[in-house]
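Structural overview for review
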Amino acid sequence: MDWTAWRDEFPIFRRTRYLNTCSLGALSRRVRAAQTRFLDEWEQHGATAWYSTWMGELDGLRGRFAQVIGADKDEIGLAPSVSVALSSVASALDYAARPKVILSELDFPTVSYQWAVKADAQRVIVPSTDGISVPPEAYEAAADDRTAAVVTSHVFFTSGAIQDIARITKAAHRVGALAIVDAYQATGQLPTDVHASGVDVLISGGLKWLLGGTGIALKYVRKDRLRELRPAITGWFGNRFQFDFDPRRFEYWDDARRFELGTTANAAVYACSAGIDIVLEIGVERIRARTMELGNDLVDRLTDAGMEIRSPRDPKSRAGIVMIPMKDPASAVHTLADLGILVDYRHDRLRASPYFYNTPEDNAALVDALRSRGA
Ligand SMILES: Cc1ncc(COP(=O)(O)O)c(C=O)c1O
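Anyway, here's the lowdown on the structure attached to this text.

Definitions and limits used
- Residues numbered from 1 in each chain as written.
- Predicted model: local features only at pLDDT ≥ 70, side-chain atom pairs only at ≥ 80, totals over all residues.
- Heavy atoms only, no water.
- Helix = DSSP H or I, 4+ residues; strand = E, 2+ residues; numbered from the N terminus.
- Buried < 20%, exposed > 50% of the residue type's maximum accessible area, 1.4 Å probe, protein only.
- Polar contact = N/O pair within 3.5 Å; in protein donor to acceptor, adjacent residues only side chain to side chain.
- 1 Å grid on protein atoms, 1.4 Å probe; cavity = no way out; pocket = protein on both sides within 12 Å on 5 of 7 lines; lining within 4 Å.
- Points joined across faces, edges and corners; volume = space filled by probe spheres on them.
- Nonpolar A, V, L, I, M, F, W, Y, C, P; charged D, E, K, R; others polar.
- Contact = heavy atoms within 4.5 Å.
- Pairing = 2+ DSSP bridges.

Quick look at the environment of D368 now. Within the element layout of this structure, D368 appears in helix α13 (residues 360-373). Its relative accessible area of 42% is what places D368 among the partly exposed residues. Put simply, D368 and A305 are 63 residues apart on the chain and 8.6 Å apart in space, counted from C-alpha to C-alpha. Reaching out from D368, the side chain makes a polar contact with the side chain of R371 at a distance of 3.2 Å.

Looking at the largest pocket, its volume works out to about 330 Å³. As for the largest pocket, its lining consists of 24 residues, of which V82, F108, Y184, L207 and K208 are closest to the centre. A breakdown of the residues in the lining of the largest pocket according to their chemical character gives 11 nonpolar, nine polar and four charged.

This brings us to the environment of R98. Position of R98 relative to the elements: it lies in the loop between α4 (82-90) and β3 (100-104). Of the residues examined, R98 reaches a relative accessible area of 23% and is grouped as partly exposed. With 239 residues separating them along the chain, R98 and A337 place their C-alpha atoms 48 Å apart. Apart from the residues within four sequence positions on either side, R98 is in contact with D144, D145, R146, T147, A148, V175, G176 and A177. Reaching out from R98, the side chain makes a polar contact with the backbone oxygen of T147 at a distance of 2.6 Å.

We now examine the pairing of strand β9 (residues 322-325). Residues V322 and I324 point to one face of β9 and M323 and P325 to the other, with burial holding for every one of them. Pairing of β9 with strand β12 (residues 349-352), which is carried by four bridges, proceeds in the antiparallel orientation. When the sheet's bridge partners are listed, I324 is paired in β12 with L350.

Another point: the environment of R227. If you trace the backbone, R227 turns up in the loop between α9 (223-226) and α10 (266-282). Residue classification places R227 among the exposed residues on the basis of a relative accessible area of 57%. Along the primary structure R227 and R258 are separated by 31 residues, whereas in three dimensions their C-alpha atoms are 9.3 Å apart. Setting aside anything within four residues of it in sequence, one finds R227 in contact with D254 and R258.

Below, the structure is given as structure tokens:
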């Protein structure tokens, strides 16, 4: 694989050392071209484009996402954000007999908030002892026959730790609960086979490792769970008789479109499809190998420089996120940005996330800058 050619696809590298894919994937020339194509179609055809092109593009995106995670297209629904995608699943659960929802304290907060606002749901937030990971036993111990769902991340956003979603799914199924996974920090960089894992619902989006930008999320719902899940928030895109325009007649789609609500942001749909095309062209396995290599390189350089990391040491347990604890990470982010090195921070940690388009030289520049700053 000629990784230099891929780097050329992302113009941000002309000016910076971009190491922040876990906040936002870099913009590619292809995604920019897809935006232009969408605008050209809008300009040329107006609303006619819905029928001639755009409905097909929605379907195309569902199919691409299905391919990335090993699903079937009819198991995929579109949403404008992970929060909305989660809300619609949360609205489909019955909390009367099963009020408990098991979550972890390392999940992205929007996950837990879905249930914070539900009076009839009771959150059980499983703690982490090291701030990096949560032992799978903790979910197994917390889930019981009053549990509606076990909901957690495939990869934690503040540590990069990978969770065993097949094992967590088993823990949920053992007590008759649903297994719901937030895979926003995993999809694209981590090989995923939703059918093999047994997970019931998996949610992800374009923003990060799928290179597709803002405003689009995707939801997988396992085929044999679809019919029993009847979301209590909906819209005309969730109605199988959508184009009858009949306010009296609502019936859920039989497939995962039943979770969709209103008109899609088509610029985002185009961007996401173009981003996913890059991921599919390279292949997730190859991306994982490259990202692991770069992650290891960064960890080695930090260790050699005497710096700590707050991410799993074992490369197999760590996705492309490396956390570096420090007193004032916000000021480090600004200093580094002045040097053209773009990273982020969460809590008390600097967050660097090398992806396939990065190089060992990017890592070296980051570590040198941190060293001379006295991090
Ligand atoms: C793991 C994870 N889940 C969810 C979100 C946010 O989702 P959304 O803003 O699409 O609701 C983020 C960050 O942007 C995240 O890192």
